[in-house]
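Given next are the chains, with one letter for each unit.
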Amino acid sequence: MTVKQRYQAVIEWFSREMPVAETELHYDNPFQLLVAVILSAQCTDKRVNMVTPPLFDAFPDAFALAAATADDVFPYIRSVSYPNNKTKSLLGMARTLVENFGGEVPSDIDSLLTLPGVGRKTANVILSVVWGKAAMAVDTHVFRVSERIGLTTNSRTPLQTEQTLMRHIPAEIVPKAHHWLILHGRYVCKARRPDCLNCGLTGACRYYNRVRPSSSVSSDD
């Protein structure tokens with residue numbers, strides 16, 4: 001199977017089986033999503049969604065959060081991973097939004113990357129989900145699933161994965177494809193034990209066809 005054929009098969013399957021693919025983080029506006037994504041680093045979306053409602057009630061916008069102290073914010077997020085660092089990131093992010101962007105979440109990657117707590121993955125999530133731009137956020141799920149299926153080969157960094165996926169996935173579906181790969185990795189193609197028996201991508205999956213030589217599906221490349 002060629003690279004082009006694999007991408008075509010994967011895109012066709014996801015388009016048919018998962019026509020709607022969205023973030024599982026709960027939010028009502030760009031500021032809330034930015035806060036949630038910062039909190040979600042090395043933490044489950046389920047946990048973040050438990051934490052954010054009271055946090056958003058207390059700090060509904062960047063101005064309210066910028067005026068807060070670490071002692072004000074920490075109790076709301078103490079149950080997420082690395083709460084001390086994330087408290088600092090949230091306060092720095094809010095203050096930078098207020099000082100440099102009038103309290104509004106910017107829509108370009110260079111500006112987003114100036115915000116404390118915002119790396120390339122977080123910036124791409126905001127660009128994709130909020131602004132609908134062709135930005136591929138590569139988290140651990142996207143990185144693992146892309147390599148396992150065969151959408152990437154020997155990718156060493158999230159940036160390499162991002163660049164490869166962006167070369168092969170049509171720009172207009174990149175925002176949705178980002179969620180396809182995340183959700184597939186979260187519920188089917190899991191890190192420790194991929195659920196190949198309940199996966200519809202086995203015909204195009206490099207991993208499946210390499211570790212299961214007795215499969216009726218022809219071996220890869």
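All chains use their own residue numbering, which begins from 1 and follows the written sequence. Totals for whole chains, interfaces and linings use every residue, but because this is a predicted model, local features are given only for residues with pLDDT of at least 70 and side-chain atom pairs only at 80 or more, for both listing and counting. As a convention, hydrogens and water are excluded, and side-chain values are obtained from all of the structure's heavy atoms.

A look at the overall build of the protein chain
As a reminder of what qualifies: In this description a helix means any DSSP run of H or I spanning at least four residues, a strand means any run of E spanning at least two, and both kinds are numbered starting from the N terminus. When a residue's accessible area, from a 1.4 Å probe over protein chains only, is under 20% of the maximum for its type it is buried; when over 50% it is exposed; and in between it is partly exposed.
Secondary structure summary: the protein chain contains 12 helices and zero strands in total. Walking the protein chain from its N terminus toward its C terminus, one meets helices and strands in the order α-α-α-α-α-α-α-α-α-α-α-α. Once the C-alpha set of the protein chain is aligned to its principal axes, its extents read approximately 60 × 30 × 30 Å. By residue count, 48% of the 221 residues in the protein chain fall in the buried class.

Remarks on the side chain of His179
As a reminder of what qualifies: In this description, contact between two residues means that some pair of their heavy atoms is separated by no more than 4.5 Å.
Structurally, His179 can be placed in helix α11 (residues 174-187). Each residue touching His179, except ones within four places of it in the same chain, is listed here: Ala21, Glu22, Thr23 and Val129.

Observations concerning the packing of helix α2 (residues 30-39) against helix α6 (residues 83-101)
To be explicit about the condition: Helix axes are fitted to C-alpha atoms over the stretch in contact, other axes to C-alpha atoms as well, and angles between N-to-C directions run from 0 to 180 degrees. Oblique is the label for every angle not falling under 35 degrees (roughly parallel), over 145 degrees (roughly antiparallel), or within 65 to 115 degrees (roughly perpendicular). The handedness criterion is simple: a crossing whose near helix is rotated anticlockwise from the far helix by less than a right angle is left-handed, and one whose near helix is rotated clockwise is right-handed.
At a minimum axis separation of 10 Å, α2 and α6 run at an interaxial angle of 150 degrees. One way to sum up the angle between α2 and α6 is to call them roughly antiparallel. As α2 runs across α6, the sense of the crossing is right-handed. Here α2 contributes Phe31, Leu34, Val35, Ile38 and Leu39 to the contact with α6, which in turn contributes Lys86, Ser89, Leu90, Met93 and Leu97.

Considering the nonpolar core
In plain terms, the rule: Nonpolar core, defined: a set of buried Ala, Val, Leu, Ile, Met, Phe, Trp, Tyr and Cys residues in which side-chain atoms within 4.5 Å join the residues together.
Formed by 37 residues in total, the largest nonpolar core has its most connected members in Leu34, Leu39, Leu65, Val73, Leu90 and Met93. Of all the secondary-structure elements, those providing two or more residues to this core are α2, α3 (45-58), α4 (62-66), α5 (70-77), α6 and α8 (120-129). Excluding anything up to four places from it in sequence, Leu34 contacts Met93, Leu97, Val105, Leu115, Val118, Thr122 and Ile126. Grouped together as the second largest cluster of nonpolar side chains are 26 residues, Trp13, Met18, Val138 and Leu165 included.

Concerning the pattern of salt bridges
Applied cut-off: Any Lys or Arg side-chain nitrogen located within 4 Å of an Asp or Glu carboxyl oxygen qualifies as a salt bridge.
Summed over all chains, the structure comprises five salt bridges. A salt bridge links Glu24 to Arg186, with the nearest nitrogen and oxygen atoms 2.4 Å apart. Of the two residues, Glu24 is situated in the loop between α1 (3-17) and α2 and Arg186 in helix α11; the sequence distance between them amounts to 162 residues. The exposure class of Glu24 is partly exposed, given its relative accessible area of 28%. For Arg186, a relative accessible area of 25% translates into the label partly exposed. Residues Arg206 and Glu147 are paired through a salt bridge, measuring 3.7 Å at the closest nitrogen-oxygen approach. Residue Arg206 is located in helix α12 (residues 206-211), and its partner Glu147 is located in helix α9 (residues 140-149); the two are separated by 59 residues in the primary sequence. On the accessibility criterion, Glu147 (22% relative accessible area) is partly exposed.

So, unusual backbone geometry
With the exception of glycine, most residues fall at negative phi, and the peptide bonds are largely trans. Although it is not a glycine, Gln42 sits at a positive phi angle of roughly 55 degrees. Looking at the secondary structure, you find Gln42 in the loop between α2 and α3. With a phi close to 50 degrees, Tyr82 is a non-glycine residue in the positive phi region. As for its placement among the helices and strands, Tyr82 is situated in the loop between α5 and α6. Tyr82 sits in the partly exposed class, given a relative accessible area of 47%.

What about α6?
Given 3.6 residues to a turn, an α-helix orients residues that are three or four positions apart in the same direction. This is how it is decided: Helix span, as expected, comes to 1.5 Å for every residue beyond the first.
Over its 19 residues, α6 extends 25 Å from the first C-alpha to the last, a length consistent with the 27 Å expected when each residue adds 1.5 Å. Those residues of α6 that sit buried are Pro83, Lys86, Thr87, Ser89, Leu90, Leu91, Gly92, Met93, Ala94, Thr96 and Leu97. The elements touched by buried residues of α6 are α2, α3, α4 and α5. Gly102 sits one or two positions beyond α6 and adopts a positive phi of about 60 degrees.

Topic: α3
Applicable threshold: In this scheme, the bend at a residue equals the angle between the axes fitted to the seven residues that finish there and the seven that begin there.
With 14 residues, α3 should reach 20 Å at 1.5 Å per residue; the first-to-last C-alpha distance of 20 Å fits that figure. Of all the bends in α3, the greatest, near 35 degrees, is centred on Thr52, and the proline Pro53 appears no more than four residues after it. All of the buried residues along α3 are Asp45, Val48, Asn49, Val51, Thr52, Leu55 and Phe56.

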